[in-house]
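Chain residues, written in single-letter form:
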Amino acid sequence: MRHLLSVSDLGREGIEEVLAVAEAFAEVGTRPIRKVPTLRGRAVATLFFEDSTRTRLSFETAAKRLSADVLSFAAASSSIKKGESIRDTVETLEAMGMDALVVRHASAGVPAQVSRWVTRCSVVNGGDGWHEHPTQALLDCFTVTQALGGIEGRRVLVVGDVRHSRVARSQVLAYSALGASVTLVAPRSLLPPSLEGWPVEVTHDLDGALAGADVVSLLRLQAERGSGAFVPSLREYSARFGLSAARAARLSPKAVITHPGPMIRGVEIASDVADLPQALVTRQVTNGVAVRMAVLFLLLGGHA
Amino acid sequence: MAGRERSHTRRGVFVPRSQVLSADDVRRAVVRMAHEVAERNGGLDGVVLVGLQTGGVPLAHRMAEALADAEGVDVPVGTLDVAFYRDDIGLRPVLPEAATDIPCDLTAKVVVLVDDVLFTGRTARAALHALSDFGRARAVQLAVMVDRGHRELPIRPDYVGKNLPTRKDEVVDVSEEGVAIGTIQ
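Residues numbered from 1 in each chain as written. Chains lettered and ligands numbered in written order. Predicted model: local features only at pLDDT ≥ 70, side-chain atom pairs only at ≥ 80, totals over all residues.

(A) Spotlight on the overall build of chain A. Scanning chain A for helices and strands turns up 11 helices and nine strands. Relative to the 2.2 N^0.38 estimate, which gives 19 Å for 304 residues, the radius of gyration of chain A is 19 Å and therefore close to what a compact globule would have. Structurally, chain A occupies a C-alpha span of about 55 × 45 × 35 Å along its principal axes. Counting all 304 residues of chain A, 48% fall into the buried class. Here the contacts in chain A between residues at least 6 apart in sequence split such that 77% fall between residues at least 24 apart. (Helix = DSSP H or I, 4+ residues; strand = E, 2+ residues; numbered from the N terminus. Rg over C-alpha atoms; globule rule 2.2 N^0.38 Å. Buried ≥ 20, exposed ≤ 12 C-beta atoms within 10 Å, placed from the backbone. Contact = placed C-beta atoms within 7 Å.)

Structural data, given as structure tokens:
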């Protein structure tokens, strides 16, 4: 495999390969010297046309722990501002000898388009519009596997703004490929116009769905994509779909809570719920580095 | 584990041509090498055994047992996977089940690397590189069950079970049942 554009590029075997290799890289993160020379001499560029904190830092940390050289490109301070096209920017980076481009863009399909322009580079989707965010879903699966021992047969609730969430789309593909049953929990206005072909169940009743859940994956209400207009008020949304302390108390004691970040405490997740031991948010961040190391390693030549 | 690596790297079935060491020979060689480790280091103070994934790990544990019998000391045993340190990325697989587990800080310790076969020396080189990330060992020594020659790097073993001249295209198999030499078909 040369590019990672969608979770569906991987299939079950591919996902399991990434998770297995990530296991080995997670060990590297516990060493006194958290660095291995695996990708020495390779160059990785992060090409972000949209704001990001953790995804970008996580990819850059992953590349650095593999001893790759890292170039960080932010559209806001680049020749894009002068009117250079994405295609010319990509060709410039490839001509400089980049081996992998991690691409994020507010429009769906940009990483896929970039992958058709490059001749030698690998392209990783770092999140495109409402489409997909494959490494986020992979690190969620890794973290849940670590906490629960496996994904097969688990019941996963994906709660919140599914309509505008690329994370939700990648999660549905990844969790269902690994044998979990996925239920979307959202108001009608925050679901995509059509769910045809999605391997999911849908409910609008969070309280009814909580009891049988093994994993509660919360999504942020994406104000920058106009989610605010899709709910009557944040307070009403929070009252019906936020994970309050009372709701968290009704979860099975073994259930876990994930959130891709950034969390908006008090909206989709109550502040004290975010700090519960079963909320895996910081473990997700730690594991994100190992999973992205695995993805870069597998795309740039290694195999399990 | 070892079987999986074989199926990946050798791409075929191992066909033994001749048995070089029996299971008893291997056992005696392990005991002898264990005694040599104790003798060379004037006891076992600060000695740590590190088995290289995957073939060296069972041998490291057997040497630790032999040392416990001979000297009454439990030597720490670690494991090391050098996949991330190799100079031939992509030619050899990462084995998720072949974990790295170094039980203590290696600073000022005497590390005895244990492997089944010493061939080109590239695994040993990668292991030396990897070890340096776990502390500054006082000394690193190398114990192998079989030294089959054909070194590509200036590396030599300190403890050898059996020196075994081979052709480059032959394959040496070390297992519980002993040591065999053969080919892949």
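(B) Spatial organisation of the packing of helix 1 (residues 11-28) of chain A against helix 11 (residues 281-299) of chain A. Residues and elements named next belong to chain A. Following both chains from N to C, one finds helix 1 and helix 11 inclined at 115 degrees, their axes separated by 8 Å at the closest point. The element helix 1 and its partner helix 11 pack so that their crossing is right-handed. The residues of helix 11 that touch helix 1, namely those facing Glu17, Val18, Val21, Ala22, Phe25 and Ala26, are Asn287, Ala290, Val291, Met293, Ala294, Val295, Phe297 and Leu298. When grouped by side-chain class, the residues that make up the contact of helix 1 with helix 11 number 12 nonpolar, one polar and one charged. (Axes fitted to C-alpha atoms, helices over the stretch in contact; angles between N-to-C directions. Left-handed = near helix turned anticlockwise from the far one by under 90°. Nonpolar A, V, L, I, M, F, W, Y, C, P; charged D, E, K, R; others polar.)

(C) Structural context of the sheet that holds strand 1 (residues 14-22) of chain B. Residue and element names in this part refer to chain B. Here three strands make up an open sheet; going across it, the order is 1-8-7 and the pairing antiparallel. The open sheet has two free edges, formed respectively by strand 1 and strand 7 (171-175), since each of these has just one partner strand. Each adjacent strand pair in this sheet contributes to an overall mean axis angle of 30 degrees, direction not counted. Sheet topology places strand 1 next to strand 8 (residues 178-184); seven bridges connect them, and they run antiparallel. Following the sheet pairing, glutamine 19 is matched in strand 8 by alanine 180. Most of the contacts of helix 2 (residues 23-40) go to strand 1, to which it runs at about 55 degrees, and overall it touches strand 1 and strand 8. (Pairing = 2+ DSSP bridges.)

(D) View of the pairing of strand 3 (residues 77-80) of chain B. Residue and element names in this part refer to chain B. Judged by which residues are buried, strand 3 turns out to be covered on both faces: Val77 and Thr79 on one side and Gly78 and Leu80 on the other are all buried. Note: strand 2 (residues 47-52) against strand 3, four bridges, orientation parallel. The partner of leucine 52 across the bridge, within strand 3, is leucine 80. Note that the unit made of strand 2, helix 3 (residues 56-71) and strand 3 has a crossover that is right-handed. (Right-handed = clockwise from strand over helix to strand, strands pointing away.)

(E) Examining the sheet that holds strand 4 (residues 110-118) of chain B more closely. Residues and elements named next belong to chain B. Reading across from one edge, 3-2-4-5-6 is the order of the five strands in this open sheet, with parallel pairing throughout. The strands lining the two open edges of the sheet, one partner per strand, are strand 3 and strand 6 (159-163). The mean inter-strand angle of the sheet, taken between neighbouring strand axes irrespective of direction, is 25 degrees. The sheet contact formed by strand 4 and strand 5 (residues 139-147) spans eight bridges and is parallel. Paired with valine 114 across the strands is alanine 143, a residue of strand 5. In the packing of helix 4 (residues 122-131) onto the sheet, the strands contacted are strand 2, strand 3, strand 4 and strand 5, and the crossing angle to strand 4 comes to about 155 degrees.

(F) Region of interest: unusual backbone geometry. Looking along the chain, the bond that leaves Gly261(A) and enters Pro262(A) is cis, with omega of -10 degrees. Cis geometry marks the peptide bond from Gln53(B) to Thr54(B); its omega dihedral reads 0 degrees. In this fold, Thr54(B) is placed in the loop between strand 2 and helix 3. Non-glycine residue Ala108(B) carries a positive phi angle of around 70 degrees. Looking at the secondary structure, you find Ala108(B) in the loop between strand 3 and strand 4. Using a count of 11 C-beta atoms within 10 Å as the deciding quantity, one classes Ala108(B) as exposed.

(G) Representation of the nonpolar core. Judged by nonpolar contacts, the single largest core of 147 residues is most densely connected at Val18(A), Leu101(A), Cys141(A), Val158(A), Ala294(A), Leu296(A) and Met63(B). The element contributing the most residues to this core is helix 11 of chain A, with nine residues. Formed jointly, this core draws a minimum of three residues from each of two domains, domain 1 (7-132 + 285-299) and domain 2 (134-281) of chain A. When neighbours within four sequence positions are excluded, Leu101(A) is seen to be in contact with Ala45(A), Leu47(A), Val90(A), Leu93(A), Val114(A), Cys121(A) and Val123(A). (Core = buried A, V, L, I, M, F, W, Y, C linked by C-beta atoms within 7 Å. Domains from an automatic or database assignment.)

(H) Up close: the environment of Ser194(A). Residues and elements named next belong to chain A. Examined against the element boundaries, serine 194 turns out to sit in the loop between strand 6 (181-185) and strand 7 (200-203). The exposure class assigned to serine 194 is exposed, which follows from the 7 C-beta atoms found within 10 Å. Linking serine 194 and alanine 290, residues 96 residues apart in sequence, is a C-alpha distance of 35 Å.

(I) Highlighting the environment of Val70(A). Residue and element names in this part refer to chain A. Within the fold, valine 70 resides in strand 2 (residues 69-74). We classify valine 70 as partly exposed; it has 17 C-beta atoms within 10 Å. Taking the C-alpha atoms as reference points, valine 70 and glutamate 50, separated by 20 residues in sequence, lie 18 Å from one another. Ignoring anything within four residues of it in the chain, the contact list for valine 70 reads Val44, Glu60, Ala63 and Lys64.

(J) Representation of the pairing of strand 8 (residues 215-218) of chain A within the structure. Residues and elements named next belong to chain A. Along strand 8, one buried face is formed by Val215 and Ser217 and the opposite face, lined by Val216 and Leu218, is buried too. Bridge count for strand 5 (residues 155-159) against strand 8 is four bridges, and the pairing is parallel. Considered in strand 8, the bridge of valine 159 is made with leucine 218. As paired strands, strand 8 and strand 9 (residues 256-258) are joined by three bridges and run parallel to one another. Looking at strand 9, one finds that valine 215 is bridged to valine 256.

(K) Spotlight on the confidence of the model for chain B. Residues and elements named next belong to chain B. A residue-level look at chain B finds 89% of positions with pLDDT of 70 or above and a mean pLDDT of 89. This model gives residues 1-10 a pLDDT under 50, and the stretch forms 14 contacts once residues within four places in sequence are excluded. Across the assembled chains, the prediction reports ipTM 0.71 with pTM 0.87. (pLDDT = per-residue confidence, 0-100.)

(L) Seen up close, helix 2 (residues 54-65) of chain A. All names here are of chain A. With 12 residues, helix 2 should cover 16 Å at 1.5 Å per step; its first-to-last C-alpha distance of 16 Å lies within 8% of that length. Buried within helix 2 are the following residues: Thr55, Arg56, Ser58, Phe59, Glu60, Ala62, Ala63 and Arg65. Buried residues along helix 2 sit in contact with helix 1, strand 1 (43-48), strand 2, strand 3 (100-105), strand 4 (122-128) and helix 11. Looking one or two residues past helix 2, serine 67 carries a phi angle of roughly 70 degrees, positive in sign. (Expected span 1.5 Å × (residues − 1).)

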